[in-house]
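The primary structure of each chain is shown beneath.
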Amino acid sequence: MLRELFTEHPNSVEETYTEHMGMAFSFAGRMFLGAAACFIHGFLPFLFVKTGSATIDELHDRMVVNRQPHAPGRVAARAAAAQR
């Protein structure tokens, strides 16, 4: 039951918990940099003019458009092998 809280969503996108955590951390880092650029742009509008929208486009492409599909059932096969 408790394990499902940590694995249900990663499994739904065919990633392990660790793979999903790495992807989430990489997105968080990129979002942090984009947010910092937007914050600075608010004070100095001549800086980072397109950085916020470029960051959103990049992250959308990584998450939705160019997502690399994993082999179907890959995570389930790993889990079954680990339990043996």
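See the structure shown above.
An account of the accompanying structure is given in this report. (Residues numbered from 1 in each chain as written. Predicted model: local features only at pLDDT ≥ 70, side-chain atom pairs only at ≥ 80, totals over all residues. Heavy atoms only, no water.)

**A few points about the overall build of the protein**
Now for step 1: Helices and strands together make up the secondary structure of the protein, namely four helices and zero strands.
Now for step 2: Order of helices (α) and strands (β) in the protein, N terminus to C terminus: α-α-α-α.
Now for step 3: Of the contacts formed within the protein by residues at least 6 apart in sequence, a portion of 60% connects residues at least 24 apart.
Now for step 4: Entry remark: accessible area of the protein is about 6,600 Å², with carbon and sulfur atoms responsible for 69%. (Helix = DSSP H or I, 4+ residues; strand = E, 2+ residues; numbered from the N terminus. Contact = heavy atoms within 4.5 Å. Areas by Shrake-Rupley, 256 points an atom, 1.4 Å probe, with all protein chains shown as cover.)

**Quick look at the layout of surface pockets**
Now for step 1: The volume enclosed by the second largest pocket comes to roughly 150 Å³.
Now for step 2: The leading source of residues in the lining of the second largest pocket is helix H2 (residues 17-43), at four residues.
Now for step 3: The residue inventory of the lining of the second largest pocket, partitioned by class, reads five nonpolar, two polar and two charged. (1 Å grid on protein atoms, 1.4 Å probe; cavity = no way out; pocket = protein on both sides within 12 Å on 5 of 7 lines; lining within 4 Å. Points joined across faces, edges and corners; volume = space filled by probe spheres on them. Nonpolar A, V, L, I, M, F, W, Y, C, P; charged D, E, K, R; others polar.)

**Details of the packing of H2 against helix H3 (residues 51-65)**
Now for step 1: One can describe the packing of H2 onto H3 by two numbers: an axis separation of 8 Å at closest approach and a directional angle of 165°. Classified by the interaxial angle, the pair formed by H2 and H3 is roughly antiparallel. Read as a crossing pair, H2 and H3 show a hand that is left-handed. For the pair H2 and H3, the contacting residues are Met23, Ser26, Phe27, Arg30, Met31, Gly34, Ala37 and Cys38 in the first and Thr51, Gly52, Thr55, Glu58, Leu59, Arg62 and Met63 in the second. (Axes fitted to C-alpha atoms, helices over the stretch in contact; angles between N-to-C directions. Parallel < 35°, antiparallel > 145°, perpendicular 65-115°, else oblique. Left-handed = near helix turned anticlockwise from the far one by under 90°.)

**Digging into a nonpolar patch on the surface**
Now for step 1: Taken together, the side chains of Phe39, Ile40, Phe43, Leu44, Phe46, Leu47 and Phe48 make up a nonpolar region of the molecular surface, amounting to roughly 730 Å² of accessible area.
Now for step 2: Tracing the chain through its elements places Leu44 in the loop between H2 and H3. (Patch = residues over 30% accessible without salt bridge, like charges linked within 9 Å, V, L, I, M, F, W, Y side chains within 5 Å. Salt bridge = Lys/Arg side-chain N within 4 Å of Asp/Glu carboxyl O.)

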